[in-house]
Amino acid sequence: MFIQVTNASTDGQLETIRDEVLGAGFSQAIVSLGEEITVINCIGAVAHERKLTLRDYFLNLPGVIGVEIAKTPYRLTSRESHPGNFSVQLNGISIGGNEPIVVMAGPCAVESLEQVKKTADAVKASGAKALRGGAFKPRKSRFAYQGLGEEGLKILAQIGQETCLPIVTEVISPDMVGLVAEYADILQIGTANMNNYELLKAVGQCDRPVILKRGMAAQVDELLLAAEYIVAEGNSRVVLCLRGIRTFETGHTRFTADIGTIPVLKKLTHYPVIFDPSHPAGDRELVTDYSLAAIAAGADGLLIEVHYDPPSAKCDGPQSLYPEQFASLMEKVAALAQIMGRSV
Ligand code: PEP
Ligand code: MN
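What counts and how
- Residues numbered from 1 in each chain as written.
- Chains lettered and ligands numbered in written order.
- Predicted model: local features only at pLDDT ≥ 70, side-chain atom pairs only at ≥ 80, totals over all residues.
- Heavy atoms only, no water.
- Donors = N, O, S within 2.8 Å, 3.2 Å for Na, K, Ca; no water.
- Helix = DSSP H or I, 4+ residues; strand = E, 2+ residues; numbered from the N terminus.
- Buried < 20%, exposed > 50% of the residue type's maximum accessible area, 1.4 Å probe, protein only.
- Pairing = 2+ DSSP bridges.
- Axes fitted to C-alpha atoms, helices over the stretch in contact; angles between N-to-C directions.
- Contact = heavy atoms within 4.5 Å.
- Parallel < 35°, antiparallel > 145°, perpendicular 65-115°, else oblique.
- Left-handed = near helix turned anticlockwise from the far one by under 90°.
- Nonpolar A, V, L, I, M, F, W, Y, C, P; charged D, E, K, R; others polar.

(A) Spotlight on the coordination of the manganese ion (ligand 2). Taken together, the protein donors to the manganese ion (ligand 2) comprise C108 (SG), H279 (NE2), E305 (OE) and D316 (OD), at separations of 2.0 to 2.4 Å. The motif formed by the donor residues of the manganese ion (ligand 2), counted along the single chain, is C-x170-H-x25-E-x10-D. Of the two residues, E305 sits in strand β14 (residues 301-305) while D316 sits in the loop between β14 and α11 (323-339), which places them 11 residues apart along the sequence.

(B) Up close: the pairing of strand β3 (residues 37-43). For β3, the tally of buried residues reaches six of seven residues, placing the bulk of the element in the interior. Where strand β1 (residues 2-6) meets β3, five bridges bridge the pair, whose relative direction is antiparallel. Among the inter-strand pairings, T6 is bridged to a residue of β3, identified as I37. Note that strand β2 (residues 28-33) and β3 share six bridges and pair antiparallel. Counterpart to A29 in the pairing with β3 is C42. Connecting β2 to the antiparallel partner β3 that follows it, the hairpin turn spans three residues.

(C) Inspection of the pairing of strand β6 (residues 93-96) at higher detail. Pairing between strand β5 (residues 87-90) and β6: four bridges, direction antiparallel. The residue of β6 that forms the bridge with Q89 is S94. Hairpin connection of β5 to β6: two residues between the antiparallel strands, including N91 at a positive phi of 40 degrees.

(D) Broad picture of the sheet that holds strand β12 (residues 238-242). Taking strand neighbours around the barrel as the criterion, the eight strands line up as β7-β8-β9-β10-β11-β12-β13-β14 in a closed arrangement whose pairing is parallel. If you compare each strand with its neighbour and ignore which way they point, the axes differ by 25 degrees on average. Across two bridges, strand β7 (residues 102-106) lies against strand β8 (residues 130-132) in parallel orientation. Considered in β8, the bridge of M104 is made with A130. Relative to the sheet, helix α7 (residues 220-231) contacts β11 (210-213) and β12, its axis offset from that of β12 by approximately 155 degrees.

(E) Just the packing of helix α10 (residues 284-296) against α11, in detail. Following both chains from N to C, one finds α10 and α11 inclined at 20 degrees, their axes separated by 10 Å at the closest point. In terms of orientation, α10 and α11 fall into the roughly parallel class. Remark: the crossing between α10 and α11 carries right-handed chirality. Of the residues in α11, those in contact with R284, E285, V287, T288, S291, L292, I295 and A296 of α10 are Q325, L329, K332, V333, L336 and A337. Taken together, the residues of the contact of α10 with α11 break down into eight nonpolar, three polar and three charged.

Structural data, given as structure tokens:
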């Protein structure tokens, strides 16, 4: 169950409510601050009948404006507990809520200082608000390019400073979260790791926003439950990212673009939802159409692969946009955003 508390309540009142929740037999009382209200999520095996009694009791505590019994399996990410939308703040940009659409772009993988510099300059000039690039690449084949590791992080941090673009980069194991967070502004959890619960807990304990990508065979509920592993550790700066799922289609697209899931997530959760058009496409010729479709479906942002010279890319070259293609995409995204009542 969850308790809705007015944001005007005092720390003392919140403390009293938490104590009452724990005293009533719940094992945890997780406080999540919202823009309009604060929610205390009561976690633990407490019988339904007892919850009905407790509901009336909790309703009378000072500061409490509502008490509900959760209907969905996910608690911390469910829209039923939080009215309004949640926006994730980062170095002066905000993702989600009614904020402008945020486009993050850059190469699939960091290859060299020159490659990142040229690509970053190009995406910045076209209006990207963050620079993406993988230093640690979780590849299907052990013999495919695995990334530059810490050297790649240093390159990203340097170019991030020079361009004033926040850095998005992937972290692939719990023991590396501290290292990646030293250099990166936003941590990315890739599709291969959506179910890596120890990694989710580790980024949950880290003071960095997290882009959580949907597992390629994960159901929507599983994505939200995975996000709760992060939020439950105290990190509520989570951005959900759809990036295509595996279906019976194998010949014409790399994955099937799950654009129809954007409004579904928007209905279920108050957390920001972004779309990666590059990985479902697998082909740069599809990336603009997928991006526009995602914005039309309500996405709060895009995560796009761009390379200053895609034929030379060590990873995901065929789906990486040329800088000119990215510039033209950005113009179309801006025009569509206006129709959607937003900006870029
Ligand atoms: C990536 O963003 O380059 C990446 C590896 O993405 P995904 O985890 O969605 O495959
Ligand atoms: Mn990639």
